[in-house]
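Residue-level structure breakdown
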Amino acid sequence: MSALTREEAQALIQEVLEVYPEKAKKDRAKHLAVNDQSVEQSKKCIISNRKSLPGVMTVRGCAYAGSKGVVWGPIKDMVHISHGPVGCGAYSRAGRRNYYVGHTGVNTFGTMNFTSDFQEKDIVFGGDKKLDKLISEIETLFPLSKGISVQSECPIGLIGDDIEAVSKKKSKELNKPVVPVRCEGFRGVSQSLGHHIANDAIRDWVIGNRDGDESFQTGPYDVAVIGDYNIGGDAWSSRILLEEMGLRVVAQWSGDGTLSEMELTSKVKLNLIHCYRSMNYISRHMEEKYGIPWMEYNFFGPTKIAESLRKIAAFFDETIQANAEQVIAKYQAEYDAVIAKYRPRLEGKKVMLYVGGLRPRHVIGAYEDLGMEVVGTGYEFAHNDDYDRTIKEMGNATLLYDDITGYEFEEFVKKVKPDLIGSGIKEKYIFQKMGIPFRQMHSWDYSGPYHGYDGFAIFARDMDMTINNPCWKKLQAPWLQSSEQDATPQAASA
Amino acid sequence: MPNVMIRKNDAGDLLFYVAKKDMEETISSVELDDSEQWGGAVELTDGSRWYIDPISPPPTFPTTLRFKRGDD
Ligand code: SF4
């Protein structure tokens, strides 16, 4: 199947929109577009960051998910309390696979679930007393925790608890940071606002903690990795490249990160941002307050890695620049071998993506390195600036879809017939049952890392393993297969 | 009167960023921009106009300033 032409793509969007009632059609039409590289500003062709329509199937998360699940959760030496009823924390526990080193339950707490388990009486009489008691209990049971964050679930905002007052009081009492985060799920249109709220909480309660304290020995090559959540070890396979280049990674935000790393970030020379969407806010703040420049980079696939390493090195002196070239040269044999092995097996395959954060645009380069083509991409919770950055990465006449509904996605897939879909767990089984190879691109389908040169080898293997898996040919029941496919000889009649 | 963070991009253009709205636009023209002062009417590439009383001496970017909508 060849890719769609611009007219075909337009017609497809129209056809899919046809089933909606007038008002919904008008609204959804703004979120679907055919990519045109000549467009400079995405808002001319696609609208994003709007409330999802009631009645359509969306896969978005809530602000609490953005704050607790994404930004705060991976900070491993803090206890993050899911403040409110038990479900929000219990059902999202450890689902993101943010790897870390440490002894869980002793000095790290990443995969544990702490909750205030609200009952009816807490809703009626308020939960501040319970929170106070809970924090004291945490201190008794887990004295090595470096701090506590209070992640509000919906009811907290509804009943008007004063978590700020409790946090201040307990912080003084325990002599540890206790950070109230107002990330109630009902705020905003998606998890995106949760990222913003979490960033603001870090700005207000963490970033300034070491102001005026010069005891930390800074160096000329100090950098921080921002917006890498170490999914399947992503941050580790990124970090080694930076270190081999001669840079010192002072902090990892927030995968495998610690509170003190975050506090020290205000001392670095350059902030490196991987996930722009979830952590641009804090980078902007540090630029304004401390004069730390920030830059976006992309560690998916050798082409983008080399580009990014050179761009990062350009911020520093010639030694670092020479080192960057050495790093690229060092891994060349390795990634050439990966491409030589997998490219012939994957060449020309078409991919459709629908993920969050940075991946809908960042992984395109990695697929292209393997000779594959991304024919459609979209974000769950992007803003205009994300699409601005996407338009240039995508080919002309490819599909862009924002906050796509379950129905639209299925219809697009039926028409475009991609060889691979990369999306989340909620889409996975639908498409697998439709017989289309699928990779879960939020947590790398229990694999990873995918960042860096080491990650690329795993990425290529996983894509091959999925697309060329023999199981896709076995989806039709034997008696439904046409006779020429059916090689089994019929039993001769007597 | 939104709070606006003004910063420079790699190409040296000034960017106009409203955190509350998550809106970022390039500034196309600034009425007063010399060694003495900075400000006045500011126009963005999307055509919207904003106003700020001239600041002197000119601020160093990035910085957060309060702007008024130009059309009121
Ligand atoms: S929307 Fe509210 S109740 Fe639902 S998971 Fe988010 S915080 Fe919990």
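Note that the coordinates shown come from a computational prediction; the quantities given were computed from them, not determined experimentally.

Moving on, we come to the overall build of chain B. Per the secondary structure count, chain B includes zero helices and seven strands. Each helix and strand of chain B, ordered N terminal to C terminal, gives the series β-β-β-β-β-β-β. Per-residue burial for chain B yields a buried fraction of 35% across its 72 residues. The contacts of chain B with a sequence gap of at least 6 include a subset with a gap of at least 24, amounting to 25%. Summing over all exposed atoms, chain B offers an accessible surface of approximately 4100 Å²; the carbon and sulfur share of this is 45%. The positive charge centre, built from 8 side chains, and the negative charge centre, built from 14, are 8 Å apart in chain B.

Strands sit in the order β6-β1-β2-β3-β4-β5-β7 (chain B) across an open sheet of seven strands; the sheet is antiparallel. Single-partner strands in this sheet number two, and they are β6 (63–66) and β7 (68–69) of chain B. Sheet topology note: the strand β2 (residues 14–18) of chain B/strand β3 (residues 23–33) of chain B ladder contains four bridges and is antiparallel. Bridging across to β3 of chain B, Leu 15 of chain B finds its partner in Thr 26 of chain B. Together, β1 (3–8), β2, β3 and β6 of chain B form the strand contacts of helix α12 (residues 276–290) of chain A, whose direction differs from that of β1 of chain B by roughly 85°.

Surveying the vicinity of the ligand reveals the residues Cys 62, Tyr 64, Cys 88, Glu 153, Cys 154 and Gly 185 of chain A. Here the shell around the ligand is composed, by residue class, of four nonpolar, one polar and one charged.

Counting from both sides, the interface comprises 12 residues of chain B and, opposite them, 14 residues of chain A. Carbon and sulfur atoms supply 38% of the area buried between chain B and chain A, which totals about 1100 Å² over both sides. Counting the surface chain B buries against chain A, the share from its top three residues, Arg 7, Asp 22 and Pro 62 of chain B, is 44%. At the boundary of chain B and chain A, one finds four salt bridges. Across the pair Glu 24 of chain B and Arg 284 of chain A runs a salt bridge, and its minimum N-O distance is 2.9 Å. Where chain B meets chain A, there are five residue pairs in polar contact (both at pLDDT 80 or more). Considering only residue class, the side of chain B that touches chain A consists of four nonpolar, three polar and five charged.

Right, let's talk about helix α9 (residues 191–205) of chain A for a bit. Here α9 of chain A spans 21 Å end to end across 15 residues, near enough to the 21 Å set by a 1.5 Å rise per residue. When α9 of chain A is considered as a whole, its buried residues turn out to be Gln 191, Ser 192, Gly 194, His 195, His 196, Ile 197, Ala 198, Asn 199, Ala 201 and Ile 202 of chain A.

A few words on the packing of helix α13 (residues 302–313) of chain A against helix α14 (residues 318–346) of chain A. Residues and elements named next belong to chain A. Where α13 meets α14, the axes come as close as 10 Å, and the angle between the chain directions of the two elements is 175°. Taken together, the axes of α13 and α14 are roughly antiparallel relative to one another. Of α14, the residues touching α13 (which contributes Pro 302, Ala 306, Leu 309, Arg 310 and Ala 313) are Ile 320, Gln 321, Ala 324, Glu 325, Val 327, Ile 328, Tyr 335 and Ile 339. Its residues assigned to classes, the contact of α13 with α14 shows 10 nonpolar, one polar and two charged.

All names here are of chain A. Among the seven residues in strand β11 (residues 373–379), six count as buried, and that is most of the element. With three bridges connecting them, strand β10 (residues 350–353) and β11 associate as parallel partners. Within the sheet, the bridge partner assigned to Lys 350 lies in β11 and is Glu 373. Where β11 meets strand β12 (residues 399–402), four bridges bridge the pair, whose relative direction is parallel. If you follow Thr 377 over to β12, its bridge partner there is Leu 400. Handedness of the β-α-β unit built from β11, helix α17 (residues 384–391) and β12 comes out right-handed.

All names here are of chain A. Considered domain by domain, chain A is made up of domain 1 (1–60 + 344–494), domain 2 (63–209) and domain 3 (222–327). Computed from C-alpha coordinates alone, the two centres of domain 1 and domain 2 are separated by 35 Å. Opposite the 11 residues of domain 1 that make contact, domain 2 presents eight residues. For the pair domain 1 and domain 2, the two sides together bury roughly 730 Å², of which 53% comes from carbon and sulfur. Of all residues in domain 1, Arg 60, Phe 381 and Ser 443 give up the largest surface area on contact with domain 2, accounting jointly for 55% of the area buried on that side.

Our focus in this paragraph is the pattern of salt bridges. All names here are of chain A. Tallied over the full model, the rule gives 40 salt bridges over all chains. Across the pair Lys 170 and Glu 173 runs a salt bridge, and its minimum N-O distance is 3.0 Å. Note that Lys 170 and Glu 173 are positioned in helix α8 (residues 163–174) at a spacing of three residues, about one turn of the helix. We classify Glu 173 as partly exposed; its relative accessible area is 48%. The shortest N-O distance in the salt bridge between Arg 187 and Glu 184 comes to 2.8 Å. One continuous salt-bridge network, built from bridges that share partners, spans Asp 132, Lys 169, Lys 170 and Glu 173.

Below, the discussion takes up the side chain of Lys 68 of chain A. Position of Lys 68 of chain A among the secondary structure elements: in helix α3 (residues 63–72). Dropping the residues within four chain positions of it, Lys 68 of chain A is found in contact with Gly 73, His 80, Ser 82 and Gln 151 of chain A.

Moving on, we get to the packing of helix α10 (residues 234–244) of chain A against α14 of chain A. All names here are of chain A. Following both chains from N to C, one finds α10 and α14 inclined at 130°, their axes separated by 8 Å at the closest point. One element, α10, and the other, α14, form an angle in the oblique class. Contact residues: α10 offers Ile 240, Leu 241 and Glu 244, while α14 offers Asn 323, Val 327, Lys 330 and Tyr 331. When the residues that make up the contact of α10 with α14 are grouped by side-chain class, the tally is four nonpolar, one polar and two charged.

Parameters at a glance
Residues numbered from 1 in each chain as written. Chains lettered and ligands numbered in written order. Predicted model: local features only at pLDDT ≥ 70, side-chain atom pairs only at ≥ 80, totals over all residues. Heavy atoms only, no water. Helix = DSSP H or I, 4+ residues; strand = E, 2+ residues; numbered from the N terminus. Buried < 20%, exposed > 50% of the residue type's maximum accessible area, 1.4 Å probe, protein only. Contact = heavy atoms within 4.5 Å. Areas by Shrake-Rupley, 256 points an atom, 1.4 Å probe, with all protein chains shown as cover. Lys, Arg positive; Asp, Glu negative; His and termini not counted. Charge placed at Lys NZ, Arg CZ, Asp CG, Glu CD. Pairing = 2+ DSSP bridges. Axes fitted to C-alpha atoms, helices over the stretch in contact; angles between N-to-C directions. Near = heavy atom within 4 Å. Nonpolar A, V, L, I, M, F, W, Y, C, P; charged D, E, K, R; others polar. Buried area = accessible area lost by both parts, 1.4 Å probe. Salt bridge = Lys/Arg side-chain N within 4 Å of Asp/Glu carboxyl O. Polar contact = N/O pair within 3.5 Å; in protein donor to acceptor, adjacent residues only side chain to side chain. Expected span 1.5 Å × (residues − 1). Parallel < 35°, antiparallel > 145°, perpendicular 65-115°, else oblique. Right-handed = clockwise from strand over helix to strand, strands pointing away. Domains from an automatic or database assignment.

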